[in-house]
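The chain contents come next:
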Amino acid sequence: MISTGAMTDSYMPLEKEIRYTRRCLEVIDKYGFGLSIQTKSDLILRDLDLLKRINEKAKCVVQITLTTFDEQLCKIIEPHVCTTQKRVDVLKTLHDNGIPTVVWFCPLLPFINDTEDNLRGILDYCIEAKVWGIFNWVIGLTLREGDREYFYAALDRHFPGLKVKYHLKYGNRYEVTSDNGSRLMKLFYEECNRHGIVCNNDEIFAWLHRFPEKITQPKLL
């Protein structure tokens, strides 16, 4: 299994022109490797033909991040990627073409989208799109040095006064967790288990790395 998209999106806007990701997929397809690819972009459907060929010969899993059920809030929190609804449409298209999907449900921002309505909205989308599994570690986010300053500046722009609440509650913590976390995580596990969606992070990671046993491990020549 070859994985990509963890450190930067596999389908940055520039990919429309340079087509590096597509060229990588062509190599993966040529040599019979499996693929686990992560993105927030509907541009991935441009390469549906390659994804299907890889999945037919080996294994292809597409991972997509969903954070916010509210479309207007999504445009504020994630301004440079397609909205949640478009990503859900991608998930549905992939499922219809036999390609399994995994959702990353993160980050959940305290005082912004750490609500039961948002959780249920995203879960309803995942159920509707028949995703295989959902990653979710905690209701919250992490703020590294540099990220924190950028995030707080964005709070000032879009949510006036909220930075003060963050400073008072979290200071300069790396892990920023929601007061609603325990209740929402309990609900998350209940709903995933009820609908047959895998929600054990270790189990999902193991499955993403598992090359199909029926396929002979390929070699790059």
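Residues numbered from 1 in each chain as written. Predicted model: local features only at pLDDT ≥ 70, side-chain atom pairs only at ≥ 80, totals over all residues. Heavy atoms only, no water.

> Help me out: how do you make sense of the nonpolar core in this one?
In terms of nonpolar packing, the biggest core is built from 40 residues, with Leu25, Leu51, Val62 and Ile134 touching the most fellow members. Among the secondary structure elements, those contributing two or more residues to this core are α2 (20–31), β2 (35–39), α3 (48–57), β3 (60–66), α5 (84–96), β4 (101–105), α6 (116–129) and α9 (181–194). Apart from residues no more than four positions distant in its own chain, isoleucine 134 is found in contact with Val103, Phe105, Leu123, Cys126, Phe188, Cys192, Ile197, Val198, Cys199, Asn201 and Ile204. With 12 residues, the next largest nonpolar core counts Leu73, Leu109, Leu141 and Tyr166 among its residues. (Core = buried A, V, L, I, M, F, W, Y, C linked by side-chain atoms within 4.5 Å. Buried < 20%, exposed > 50% of the residue type's maximum accessible area, 1.4 Å probe, protein only. Helix = DSSP H or I, 4+ residues; strand = E, 2+ residues; numbered from the N terminus. Contact = heavy atoms within 4.5 Å.)

> What's the story with the packing of helix α7 (residues 147–158) against helix α8 (residues 162–170) in this structure? I'm lost.
Relative placement of two packed helices is described by the angle separating their axes and the distance separating the axes. One way to put it is that α7 packs onto α8 with a least axis distance of 8 Å and a crossing angle of 140°. Of the possible angle classes, the one that applies to α7 and α8 is oblique. Residues Phe151, Tyr152, Leu155 and Asp156 of α7 form the contact with α8, whose participating residues are Leu162, Lys163, Tyr166 and His167. Residues that form the contact of α7 with α8 fall into these classes: five nonpolar, one polar and two charged. (Axes fitted to C-alpha atoms, helices over the stretch in contact; angles between N-to-C directions. Parallel < 35°, antiparallel > 145°, perpendicular 65-115°, else oblique. Nonpolar A, V, L, I, M, F, W, Y, C, P; charged D, E, K, R; others polar.)

> I would appreciate a short explanation of the layout of surface pockets in the present structure.
It is the rolling of a water-molecule-sized probe over the atoms that shows where space remains empty. The space that makes up the largest pocket amounts to roughly 1,700 Å³. Residue lining of the largest pocket: 41 residues in total, with Lys40, Cys106, Pro107, Thr142 and Asp147 positioned closest to the centre. Counting only elements with at least two residues in the lining of the largest pocket, the list comes to β2, α4 (71–77), β4, β6 (140–142), α7 and β7 (175–177). A per-element tally of the lining of the largest pocket places α7 first, with seven residues. Considering only residue class, the lining of the largest pocket consists of 21 nonpolar, 13 polar and seven charged. (1 Å grid on protein atoms, 1.4 Å probe; cavity = no way out; pocket = protein on both sides within 12 Å on 5 of 7 lines; lining within 4 Å. Points joined across faces, edges and corners; volume = space filled by probe spheres on them.)

> Is there a simple way to think about the environment of arginine 183 in this case?
If you trace the backbone, arginine 183 turns up in helix α9. Separated by 25 residues in sequence, arginine 183 and leucine 208 place their C-alpha atoms 28 Å apart.

> What exactly am I supposed to notice about α6 here?
Within an α-helix, residues lying three or four positions from one another point in the same direction, as the helix has 3.6 residues per turn. Relative to the 20 Å expected for 14 residues at 1.5 Å per residue, α6 spans 20 Å between its end C-alpha atoms, a close match to the ideal helical length. For α6, the full list of buried residues reads Asn118, Leu119, Gly121, Ile122, Leu123, Tyr125, Cys126 and Ala129. Summarising the contacts, the buried residues of α6 are in contact with β3, α5, β4, β5 (133–135) and α9. Just past α6, the residue lysine 130 takes up positive phi, approximately 55°. (Expected span 1.5 Å × (residues − 1).)

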